[in-house]
Amino acid sequence: MLAIVLGSAAGGGVPQWNCACDNCQAARRDDGVRRRTQDCVAVTADGRRWFLLNASPDIARQIEDTAKLWPAGARRHSPIAGVVLTNGDLDHCLGLLSLREWTPFSLYATAPTLAGLFEQNAMFRTLDRQRPHAVRRPLVLGDPVAPLLDSDAGAAVAVAGRCGLDRKREFARRVRALGASLTVNFVLHRGNLERLDQFIDLALELGADRVELAHTQYHGWAVLNRRTLSPSPAQIEAADRTVARAARRHAGVIELVYVTPEITAEAGSPDHGRPPGSSAGSTRGR
Ligand SMILES: [Zn+2]
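Below you will find a few notes about this structure. Since the model is a prediction, treat every value here as computed from it, not as a measurement.

Of regular secondary structure, the chain possesses nine helices and 10 strands. Counting all 286 residues of the chain, 27% fall into the buried class. Nonlocal contacts in the chain, meaning residues at least 24 apart in sequence, comprise 69% of its contacts between residues at least 6 apart.

Written out as structure tokens, the structure is:
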């Protein structure tokens, strides 16, 4: 993992607007004390997709000061795939308001933090104007999540360009060795539904306490993949039966969480699933 410290000052930064202490004055004079922006860290596992640990009020400037976080390729793009909030401090959240120019990202935080932002605070709802924008991913403290693409390496490569199954097995082994609980998550689509039983077996083999079997959600740019990934109604019915059977068979051993498909290829798309700038007609299912 690679980490870049984008900012290292406490709230207010150095110099702070209303502070005439020796440090702030020296920073203003460029006299042995460096100016510092407010604390924020960017991390990546693959050098391409970056996650911000908190979004400081200085985030726009921090991004511009860090070439690895600049858009590349498409006209609208960001290598920032997500933001992980460690708490609901304004010093950690205000930067979200500077990321409101429509590019979707995952927002990881505990449920109380997400509720504080979006239910008890009207301003952050600007990130909800069009879904998906800040895609909320509730974190359960002490509960590692290991997302898995497939039990079949070839299929994982077809979707992700590579297979991380061995590394994820190792991750699961370490989590179990720590005695922590483990949730594994499979994202379901047309190309892997037939292996649903194998996914549940793999979760059992990894020693997971919980397995999330979640159909792909087709929002925003993901609608471009819907024709390729949407399962047929018959596949969905079969999957429903498989999950119900497995839930009975493994009751008390592993918790099954099943996220049903929101739409099918036949059902059309809700308007909010449209990518920005596209016409509704072009994104309808078959
Ligand atoms: Zn000061």
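The complete set of buried residues in helix α4 (residues 111-118) reads T113, L114 and L117. When α4 is viewed along its axis, its buried side chains cluster within an angular range of 100° and face the same direction. Across α4 from its buried face, at more than 90 degrees, point the exposed residues A111 and P112. In this structure, the buried residues of α4 make contact with α3 (90-93), β5 (105-110) and β6 (134-139).

Let us now look at the sheet that holds β6. Read from one edge of the open sheet, six strands run β1-β2-β3-β4-β5-β6, paired in mixed fashion. Both edges of this open sheet fall to β1 (2-7) and β6, since each of them pairs with a single strand only. Averaged over all pairs of adjacent strands, the angle between their axes in this sheet comes to 25°, without regard to strand direction. Across the sheet, α4 touches β5 and β6, and the angle it forms with β5 is around 115°.

This part covers the nonpolar core. Core analysis: the biggest nonpolar cluster contains 23 residues, and L52, A55, V83, L96, F105 and L107 have the highest contact counts within it. When residues of this core are traced back to their parent elements, those giving at least two are β2 (40-44), β3 (50-53), α2 (59-64), β4 (80-84), β5 and α4. Per-element accounting of this core gives the leading share, four residues, to β5. Discounting residues that sit within four places of it in the chain, A55 has contacts with C40, V83, H92, C93, G95, L96 and L99. Counting 18 residues, the second largest nonpolar core, distinct from the first, contains L182, I200, A208 and A246.

The next thing to look at is the environment of I254. For I254, the position within the fold is in the loop between α9 (233-249) and β10 (255-259). Here the alpha-carbon distance between I254 and R210, two residues 44 residues apart in the chain, equals 5.3 Å.

As a further point, take the pairing of strand β9 (residues 210-215). Going residue by residue along β9, you find V211, L213 and H215 tucked away on one face and R210, E212 and A214 left uncovered on the opposite face. Pairing of strand β8 (residues 183-188) with β9 involves six bridges; the strand directions are parallel. When the bridges of β9 are listed, N185 appears paired with E212. Crossover connection from β8 via helix α7 (residues 196-205) to parallel β9: handedness right-handed.

Another point: α7. Since the α-helix turns once every 3.6 residues, residues separated by three or four places project in the same direction. Residues L196, F199, I200, L202 and A203 constitute the buried set of α7. On an axial view of α7, the arc spanned by its buried residues comes to 155°, and they lie on one face. Looking one or two places after α7, you find G207, whose phi comes out positive at around 80°.

Calculation rules
- Residues numbered from 1 in each chain as written.
- Predicted model: local features only at pLDDT ≥ 70, side-chain atom pairs only at ≥ 80, totals over all residues.
- Helix = DSSP H or I, 4+ residues; strand = E, 2+ residues; numbered from the N terminus.
- Buried ≥ 20, exposed ≤ 12 C-beta atoms within 10 Å, placed from the backbone.
- Contact = placed C-beta atoms within 7 Å.
- Arc of directions from axis to C-beta.
- Pairing = 2+ DSSP bridges.
- Axes fitted to C-alpha atoms, helices over the stretch in contact; angles between N-to-C directions.
- Core = buried A, V, L, I, M, F, W, Y, C linked by C-beta atoms within 7 Å.
- Right-handed = clockwise from strand over helix to strand, strands pointing away.

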